[in-house]
There are 2 protein chains.
Amino acid sequence: MTDPNLSMNLATLRKQYGFAEAVEACLAQGITAISPWRDQVHAIGLAEAARIVRANALRVTGLCRGGMFPAADAAGRQAAIDDNRRAIDEAAALGADCLVFVVGGLPQGSRDIAAARTMVAEGLAAILPHARACGVPMALEPLHPMYAADRSCLNTLGAALDLCAELGPGTGVAIDAYHVWWDPDLEAQIARAGREGRILAHHICDWLVPTNDMLLDRGMMGDGVIDLPQLRRWIEAAGFHGPQEVEIFSAGNWWQRPGPEVIATCLDRFHTVC
Amino acid sequence: MTDPNLSMNLATLRKQYGFAEAVEACLAQGITAISPWRDQVHAIGLAEAARIVRANALRVTGLCRGGMFPAADAAGRQAAIDDNRRAIDEAAALGADCLVFVVGGLPQGSRDIAAARTMVAEGLAAILPHARACGVPMALEPLHPMYAADRSCLNTLGAALDLCAELGPGTGVAIDAYHVWWDPDLEAQIARAGREGRILAHHICDWLVPTNDMLLDRGMMGDGVIDLPQLRRWIEAAGFHGPQEVEIFSAGNWWQRPGPEVIATCLDRFHTVC
């Protein structure tokens, strides 16, 4: 039984498997879409990863991740731009639906979030021609505001769509339930994203109560408080019908369990909860 | 030397002092404005707390806190309304500038944040006549989105101002740096709050990187990444010139230090950072 509507973000299986083993474990349970991280691709080599993708006719719903543009000096910002160009090449080689961007937070020592946001816009603009030339859509992922300082100063779907409008064609958004579920403007901004043709990816997991770690305590769908069916309805009503991508960072729970159990649970919850 | 521009939220000294001792320690360093929590007032008794306030001509910049309206059943919601009426009475007895509201998150077992927001609006509307009769302004405090599930489903200044507009006279906002610093719409919403005459309180502390606990790891001003002078300029430009109120929950650091050191550090940082 395959399920083309579920994509496995390989961070969910980061502690259990490398790229090749993760693909094998997903295929064993009928999952044919994945979203790998760059370090996982680098570990096996880009050519071998691309070969595995083609050999198994996998859909790559995204490559994680580009971004991290702000830096304290021009050399740092240029290094980020150069690295993002390589990420675009990798996404193209893998035939990914998009390159997902976590844009970065405040540069070391800075308290100027407006300046960081400018650095992000400038960095994205610098690489956009290359992304267009390679046919790789750039998916800006707004991150939860609790990451504003150290991971992403792009913190609402509305702000991400404003930035897409500024940048133009070739850009869109990745909508991750974990990051946006709280937003009182979410329904309206998803509808706007649909109208503007910007939805590139739909990520799912759950928000646990309590959350014991700001980064590594995401929940399995159904174990938290996010209304995932409603989010799905809003996103589908906005015209996006791509796979939902499960991305769970869970140092204390799911990363400790056997890979086949995690995959089976993702499938079960996807069918019963999402 | 007194400093009427700094108010001490007594949660900052929660582990060191009860109400009376906290007041004494603040006065010893020239602080004449405080914001107590209800449990601190209850511990000494409302009449005695009010007597101490009057005897020392203290300014009470707020009473913390009302709110927590959502509940799984009507009895729970009514109990919250009743308790909030008592909080209004206490704020009136203390002559507080406002009663600060942390509105509450999702009821147990619920994933419906829109319903929770409706419960909040209904709860606030139910107590507003009593607050008006008592002359106690109701300060809605938008909390950081990371508290949306368990503490407050009111998560942006814009949403708080929308709710004030719906409720009408007698309502306003408490703007806490910790909760709102990340908001890309912050400057515009503070200006709006000024135009609409809604700013009732200005709370300060700092956002640490990393933040090791979602609730109890707030930083001393200057130790984190919030641009507090800019926030102060925006709030003052919007017409609010009341004291800045220091509210630091810090289980691992400031709550472990001697009270006089904490107070002296607050004063020093207030003068050098804010």
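Structure: see above.
## Describing the interface of chain B and chain A
- In this complex, chain B contributes 21 residues to the contact, which on the side of chain A involves 21 residues.
- For the side of chain B that touches chain A, a count of residues per class yields 13 nonpolar, four polar and four charged.

## Describing the relation of the copies chain B and chain A
- Aligned on chain A, chain B shows an RMSD of 0.0 Å; the corresponding rotation is 180° and the shift along the axis is 0.0 Å. Each copy turns onto its partner about a two-fold axis.

## Re the sheet that holds strand 1 (residues 6–9) of chain A
All names here are of chain A.
- Taking strand neighbours across the sheet as the criterion, the nine strands line up as 3-2-1-9-8-7-6-5-4 in an open arrangement whose pairing is parallel. In the strand order of this sheet, the two ends are held by strand 3 (59–60) and strand 4 (63–67), each with one partner.
- The sheet strands contacting helix 4 (residues 74–94) are strand 3, strand 4 and strand 5 (99–102), and the helix crosses strand 4 at an angle near 160°.
- Packing of helix 6 (residues 157–167) onto the sheet brings it into contact with strand 6 (138–140) and strand 7 (171–176), and relative to strand 7 it is tilted by some 165°.

## Brief notes about the nonpolar core
- Leu99, Ala139 and Val173 of chain A together with Leu99, Ala139 and Val173 of chain B are the most contacted members of the largest nonpolar core, which has 184 residues in total.
- Residues in contact with Val173 of chain A, not counting those within four places in the same chain, are Ala139, Leu140, Glu141, Leu157, Ala160, Leu161, Cys164, Ala193, Arg198, Ile199 and Leu200 of chain A.

## Considerations on unusual backbone geometry
Residue and element names in this part refer to chain A.
- Here the amide bond leading from Cys64 into Arg65 is cis, since omega sits at 0°, within 30 degrees of zero.
- Relative to the helices and strands, Arg65 resides in strand 4.
- One non-glycine residue, Ala57, lies in the positive phi region at around 50°.
- Within the secondary structure layout, Ala57 lies in the loop between helix 3 (46–55) and strand 3.
- Here Ala57 falls in the exposed class, since 7 other C-beta atoms lie within 10 Å of it.

## Some points on the pairing of strand 7 (residues 171–176) of chain B
All names here are of chain B.
- With respect to burial, strand 7 is a largely interior element, six of its six residues being buried.
- Inspection of the sheet shows strand 6 (residues 138–140) paired to strand 7 by three bridges, in the parallel sense. Counterpart to Leu140 in the pairing with strand 7 is Val173.
- For the crossover that starts at strand 6, traverses helix 6 (residues 157–167) and ends in the parallel strand 7, the hand is right-handed.
- Inspection of the sheet shows strand 7 paired to strand 8 (residues 199–204) by four bridges, in the parallel sense. The residue bridging Asp176 from the neighbouring strand is His203, located in strand 8.

Criteria and thresholds
Residues numbered from 1 in each chain as written. Chains lettered and ligands numbered in written order. Predicted model: local features only at pLDDT ≥ 70, side-chain atom pairs only at ≥ 80, totals over all residues. Contact = placed C-beta atoms within 7 Å. Nonpolar A, V, L, I, M, F, W, Y, C, P; charged D, E, K, R; others polar. Least-squares fit on C-alpha atoms with pLDDT ≥ 70 in both. Pairing = 2+ DSSP bridges. Helix = DSSP H or I, 4+ residues; strand = E, 2+ residues; numbered from the N terminus. Axes fitted to C-alpha atoms, helices over the stretch in contact; angles between N-to-C directions. Core = buried A, V, L, I, M, F, W, Y, C linked by C-beta atoms within 7 Å. Buried ≥ 20, exposed ≤ 12 C-beta atoms within 10 Å, placed from the backbone. Right-handed = clockwise from strand over helix to strand, strands pointing away.

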